[in-house]
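# Observations on chain architecture
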There are 2 protein chains.
Amino acid sequence: MQVKMAKNYGFCFGVKRAIEIAQKNKNSLTLGSLIHNPKEIKRLEQDYNVRVQEEVERIEPHKSVIIRTHGIPKHDLALLKEKRAHIIDATCPYVIKPQQIVEKMSAKGYQIVIFGDANHPEVKGVISYSSTPPLIVNSLEELQNQSLSKRVALVSQTTKQTPRLLEIASFLIARCAEVRIFNTICNATFDNQEAVRELSQEVDIMVIVGGKTSSNTKQLFNIAKEFCTDSYLVEDFNDLEVSWFKGKALCGISAGASTPGWIIEGVRQKILEL
Amino acid sequence: MQVKMAKNYGFCFGVKRAIEIAQKNKNSLTLGSLIHNPKEIKRLEQDYNVRVQEEVERIEPHKSVIIRTHGIPKHDLALLKEKRAHIIDATCPYVIKPQQIVEKMSAKGYQIVIFGDANHPEVKGVISYSSTPPLIVNSLEELQNQSLSKRVALVSQTTKQTPRLLEIASFLIARCAEVRIFNTICNATFDNQEAVRELSQEVDIMVIVGGKTSSNTKQLFNIAKEFCTDSYLVEDFNDLEVSWFKGKALCGISAGASTPGWIIEGVRQKILEL
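Because the structure is a prediction, the values reported are computed rather than measured.

Right, let's talk about the interface of chain A and chain B for a bit. Opposite the 16 residues of chain A that make contact, chain B presents 16 residues. Between chain A and chain B, roughly 1,300 Å² of surface is buried when both sides are summed, and carbon and sulfur atoms account for 55% of that area. Applying the counting rule to chain A against chain B returns 2 salt bridges. Put simply, chain A and chain B have 10 residue pairs in polar contact (both at pLDDT 80 or more) between them. Elements supplying a minimum of two residues to the side of chain A that touches chain B: α6 (162–175) and β9 (178–182) of chain A.

Bringing the UniProt feature "binding site: isopentenyl diphosphate" (unreviewed entry) in chain A into the picture now. All names here are of chain A. Summarizing the sequence annotation, UniProt attributes the feature "binding site: isopentenyl diphosphate" (unreviewed entry) to His-36, His-70, His-120, Ser-214, Ser-215, Asn-216 and Ser-258 in the numbering used throughout. Apart from the residues within four sequence positions on either side, Asn-216 is in contact with Thr-159, Gly-256, Ala-257 and Ser-258. Within polar-contact distance, the side chain of Asn-216 engages the side chain of Ser-214 at 3.3 Å. Relative to the elements of secondary structure, Ser-258 occurs in the loop between β12 (250–255) and α9 (261–273). Overall, Ser-258 belongs to the buried group, its relative accessible area being 5%. Discounting chain neighbours no more than four positions away, the residues touching Ser-258 are Phe-11, Val-15, Ile-35, His-36, Asn-37, Ser-214 and Asn-216.

A few words on the UniProt feature "binding site: [4Fe-4S] cluster" (unreviewed entry) in chain A. All names here are of chain A. Following the UniProt record, the feature "binding site: [4Fe-4S] cluster" (unreviewed entry) maps to Cys-12, Cys-92 and Cys-186 here. These residues run over 175 residues, yet every pair of their C-alpha atoms falls within 10.4 Å of each other. Examined against the element boundaries, Cys-12 turns out to sit in the loop between β1 (2–5) and α1 (13–24). We classify Cys-12 as buried; its relative accessible area is 15%.

All names here are of chain A. The 4 strands are arranged β1-β12-β10-β11 in an open sheet whose pairing can be described as parallel. One side of each edge strand has no neighbouring strand; the edge strands of this open sheet are β1 and β11 (231–234). Each neighbouring strand pair of the sheet contributes to a mean axis angle of 25°, computed without reference to strand direction. Two strands pair when backbone bridges link them, and strand β10 (residues 205–209) and β11 are joined in this way by 4 bridges, in the parallel orientation.

Take the relation of the copies chain A and chain B next. Overlaying chain A with chain B gives an RMSD of 0.1 Å, the required rotation being 180° about an axis along which the chain moves by 0.0 Å. With respect to symmetry, the two chain copies, as superposed, fit the operation of a two-fold axis. Relative to the rotation axis, the C-alpha of Arg-180 of chain A is the closest in chain A, positioned 2.2 Å from it. The share of interface residues of chain A whose copies in chain B are also at the interface is 100%, consistent with both copies meeting through the same surface.

Take the domain arrangement of chain A next. Residue and element names in this part refer to chain A. Domain parsing of chain A yields domain 1 (2–9 + 188–273), domain 2 (13–92) and domain 3 (94–185). Once you take the C-alpha centre of each, domain 1 and domain 2 turn out to be 28 Å apart. Contacts between the two partners involve 12 residues from domain 1, matched on the other side by 8 residues from domain 2. With both chains or domains summed, domain 1 and domain 2 bury close to 790 Å², and 57% of this area falls on carbon and sulfur atoms. Of all residues in domain 1, Glu-235, Ser-258 and Trp-262 give up the largest surface area on contact with domain 2, accounting jointly for 46% of the area buried on that side. Viewed at the interface, domain 2 and domain 1 are joined by 2 salt bridges. We note a salt bridge from Asp-236 to Lys-39, for which the minimum N-O separation is 3.6 Å. Applying the counting rule to domain 1 against domain 2 returns 1 residue pair in polar contact (both at pLDDT 80 or more). Residues that form the side of domain 1 that touches domain 2 fall into these classes: 4 nonpolar, 6 polar and 2 charged.

Each value, and the rule that gives it
- Residues numbered from 1 in each chain as written.
- Chains lettered and ligands numbered in written order.
- Predicted model: local features only at pLDDT ≥ 70, side-chain atom pairs only at ≥ 80, totals over all residues.
- Heavy atoms only, no water.
- Contact = heavy atoms within 4.5 Å.
- Buried area = accessible area lost by both parts, 1.4 Å probe.
- Salt bridge = Lys/Arg side-chain N within 4 Å of Asp/Glu carboxyl O.
- Polar contact = N/O pair within 3.5 Å; in protein donor to acceptor, adjacent residues only side chain to side chain.
- Helix = DSSP H or I, 4+ residues; strand = E, 2+ residues; numbered from the N terminus.
- UniProt positions renumbered as here; feature names shortened; annotations may be inferred.
- Buried < 20%, exposed > 50% of the residue type's maximum accessible area, 1.4 Å probe, protein only.
- Pairing = 2+ DSSP bridges.
- Axes fitted to C-alpha atoms, helices over the stretch in contact; angles between N-to-C directions.
- Least-squares fit on C-alpha atoms with pLDDT ≥ 70 in both.
- Domains from an automatic or database assignment.
- Nonpolar A, V, L, I, M, F, W, Y, C, P; charged D, E, K, R; others polar.

Take a look at the structure:
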């Protein structure tokens, strides 16, 4: 089987940075999974004794705690400080931005609209910085029956797609006197998405490598499916099924922003051998 | 010929207000035509001795000068003050808004983008309030090769169409970190446009009444043409041609925001008699 890699794929700047931080801080805890990839989490635990603790309440005093790329709610940060934790902040700088914007804009009296998934840890963090109750919408439809203020500020979860943000922005602009739009979508996501859009049009089969709970990996998979019916999402080479590749000549590969290089390489090798 | 009037048409709030102001201020000058309708201008001159002066330089000291709905450039206002003119401000409140926004946002360091016709008096006025050189674009295409700042503020000429504003906004949002969008499009324009869109789909012929230099009248005409091939733009009943109505049963009528009621009524009567 011939293989072609997407022009851009895999780890973004924020994730690379977070993993470097974790590797430099052996024996520390991360509050929630550092990134959305169980295999990499396991590697960090085995090689660096960096463990995951999901509940802030269960962290013992004076522990070294890494805040993951997604950031954490303000309240959890306060709890960590109460526990006199040694806080190591690996929040992605692109995630700190919407947190700061929401804090500033809600203080200035703008109604906050967050385009994102209310259950995503990044969004939970961003929400916590609003001094007024924000509207969280995951699609234009969810905005339809909401009551809107005259002055609205709009931010986006960093991993969202620009066209969807523009739909929401357009809806607001047509209805509000002032809409302040902060394009907090991360370029890395966009670049990975564009590369998948391009590659999936020229191959017979697409394989997306990434954690099945990673929102940006799922989006890559959705884009791939749009252009290539034979698209598959795998966590590593073990998920590959020989039957998928029957009668295919060229396989495209991409990977989510939280997929480590060594996992992608494993998948590539296995497909090459088919 | 049967006739059906659009749900909304003719004078907007700002124009009604300006004409009332002019009628209350006999013997005054207006700096430029008060509204884009030559017939109404003539009536004000004949009945109230309100005359048009196109050039601010030619206004004699201590004259009573009416500022028209479109507003005037800051520089012209300063000249009038120098001449100790008695200034009567009939600038539409909806036009004052983009002037104030542009003044404030340019002072705050936002790059100013004005969606409008650079030669339109309203836009010339708005431009003059920017402390930095603004970008004036009349379409998305005109924005394509411009260099953009990270922080942009967008305002619109009051008579523009919302879908076009949204195109421009979307282009900016995808490229800039922050876009502050002030929807300064006037509802009256929108309501008149929607009513034409509706009516032109149910009639055999559409007649739009308005000054041929009025931008909002031309837009109504363009919308009418989209849905009804037999659409005509007339300044008054004298422009009507009997041949247009041959084989037609129902005629729709609308009028620009600067078309006085008495002119619309003249057109309606003439068509009814056909």
